[in-house]
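# Structural characterization, general
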Amino acid sequence: MFGKRGTSKSGSAAPKSFGSGGGANVPKPKPIPASEPAQPAKTTSAPKEKPAAPKKPAATLSDDSAQGIKPVSSEKKEKLDEIKVNVFNDLMEAVDLSELSALTPEQVRDEINDMVSEIISMRGLVLSMQEQQLVIEDICNDVLGLGPIEPLLARDDIADLMVNGPDVVYIEVNGKMEKTPIKFRDQAQLMNICQRIVSAVGRRVDEASPICDARLADGSRVNVIAPPLAIDGTALTIRKFKKDKLTLENLLQFGSITPELKTVMEVVSEIRLNTLISGGTGSGKTTLLNCMTGHIDPAERIITCEDSAELQLQQPHVVRLETRPPNLEGKGEISMRDLVKNCLRMRPERIIVGEVRGPEAFDLLQAMNTGHDGSMGTIHANNPREAISRVENMIMMGGYNLPSRAMREQISGAVNIIVQASRLRDGSRKITHLTEVVGMEGEIITLQDLCVYEIEGEDANGKIVGRHKFSGLRPTFWEKAKYYGLERKLAEALQQNG
Ligand SMILES: Nc1ncnc2c1ncn2[C@@H]1O[C@H](COP(=O)(O)OP(=O)(O)O)[C@@H](O)[C@H]1O
Ligand SMILES: [Mg+2]
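Residues numbered from 1 in each chain as written. Chains lettered and ligands numbered in written order. Predicted model: local features only at pLDDT ≥ 70, side-chain atom pairs only at ≥ 80, totals over all residues.

Close to ligand 1 lie 15 residues, the nearest being Ala159, Gly284, Lys285, Thr286 and Thr287. Looking at the shell around ligand 1, the elements that each hand over two or more residues are α7 (248-254) and α9 (285-293). Ranked by residues supplied to the shell around ligand 1, first place goes to α9 with three residues. The class makeup of the residues in the shell around ligand 1 is four nonpolar, eight polar and three charged. (Near = placed C-beta within 6 Å. Helix = DSSP H or I, 4+ residues; strand = E, 2+ residues; numbered from the N terminus. Nonpolar A, V, L, I, M, F, W, Y, C, P; charged D, E, K, R; others polar.)

Pasting the structure below:
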């Protein structure tokens, strides 16, 4: 339970941003008896008798850039910050956090709402409705959510959220990196929040094990790397889970593909070509994989293997498998390789590997070579040629003692097509290559580009101008398309560009 997202009282449509000044430039509030504010919700032992330590604000309040909220003068902000700390500390005195953790997030919010209103009136504080809401919202986010980044998680337009230590938070919106004014109170608050995230999946992050992968309740992927490895404070990276996955139709609207390329890609997946989707981080590989699976025949038995389930296949006959990291004692790990190997005993018709990044490459190739046509996977590489050499590397690192020629024969026999996704420098995402693996020439695997995105320049707004160019070559999968009765569909698409 990390708190609910997107349904907070202030609404998710007008996210607030929290904290401009961190703790440093805020005057220290009067010492009052208090307990630690940023304890994880599950901790029962809030040290109630602890002497009154001068507290920084529990989470700094919105600054001038906050959307939809009137700018607060700095004097007023300081006052609000101080109020918040006092209210927060009073609240911690009054509630037992372990009791709160038994409630649903909605109930906790209601509870906090009531108590904070009471504390405010007991202290005789004069606050506008808006200010009171701000205080309550911040406190809720701190107690049960992800603190100052909670409002960001509620936003659907954010693809990635990157925290580089307590004072620096970046987001990716529309393919562009943006720095936000959000800050954590201090490293301890950031660490507490990270701890809360990973403990929900039974993991731990601290100096002894400073690297950790986890997942939020909504499916978002999380990575934490803590000091001393992260020199300037804990780095927290969240890849937001998108509920509404993009379709090929969407990619067409975005200009990532052309109608003809879309048609060819549909054919590729309908005629069961073994496909590798290549691209850099965040280039849209998983999205593309998801799109392409949309054209698989509903009658097929599909098995998906992922590190963390992201794919959303629409077909009825799907078995979804997920890897498992080792537990706290370092035991019980189930690797991608274990999954792919096991898959082969499950009578799959297609195997789909979310991300090929290790020795499982070999098992996937074997599957592709042994009748599981139409298998797919994504791979991290910047162009199709590099994708091939990445596969070679993965096989070598897996300790298979294959002569390189034999290995390349495996690859060229297994992989039919490579689709390259790229994120261009203007933030737009494009399918930049549709490349066939044709065969071997001597020791070298031959590739043939069917379609390439050519950059022609930049417009006045810095947007990249370019076009998808078909090579005009006849694909080697022509015969296969014919076998599936799709040669006309293919021919029409290719002729449009011929
Ligand atoms: N063609 C596209 N146009 C616009 N946004 C895209 C496109 N493809 C993917 N995205 C978005 O980019 C983000 C990263 O995509 P994802 O497929 O997870 O990348 P990868 O798997 O390569 O790391 C997601 O938020 C996704 O919705
Ligand atoms: Mg991905």
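Here the narrative resumes.
A few words now on the pairing of strand β10 (residues 350-356). Taking burial as the measure, the seven residues of β10 include seven buried ones, the bulk of the element. Pairing analysis gives four bridges linking strand β8 (residues 302-306) to β10, with the strands arranged parallel. Looking at the pairing, Ile302 lines up with Arg350 of β10. At this point the chain moves from β10, through helix α11 (residues 360-369), to the parallel strand β11 (residues 376-380), and the crossover so formed is right-handed. (Buried ≥ 20, exposed ≤ 12 C-beta atoms within 10 Å, placed from the backbone. Pairing = 2+ DSSP bridges. Right-handed = clockwise from strand over helix to strand, strands pointing away.)

Time to look at the environment of Leu402. When you line up the elements, Leu402 lands in the loop between α12 (384-397) and α13 (404-414). Other than its neighbours up to four places away in sequence, Leu402 contacts Ile395 and Met407. (Contact = placed C-beta atoms within 7 Å.)

Let's shift gears to the environment of Gly280. Tracing the chain through its elements places Gly280 in the loop between β7 (275-279) and α9. For Gly280 and Gln420, which are 140 residues apart along the polypeptide, the C-alpha to C-alpha distance reads 9.2 Å. Those residues in contact with Gly280 that sit more than four places away from it in its chain are His380, Asn382, Ser422 and Arg423.

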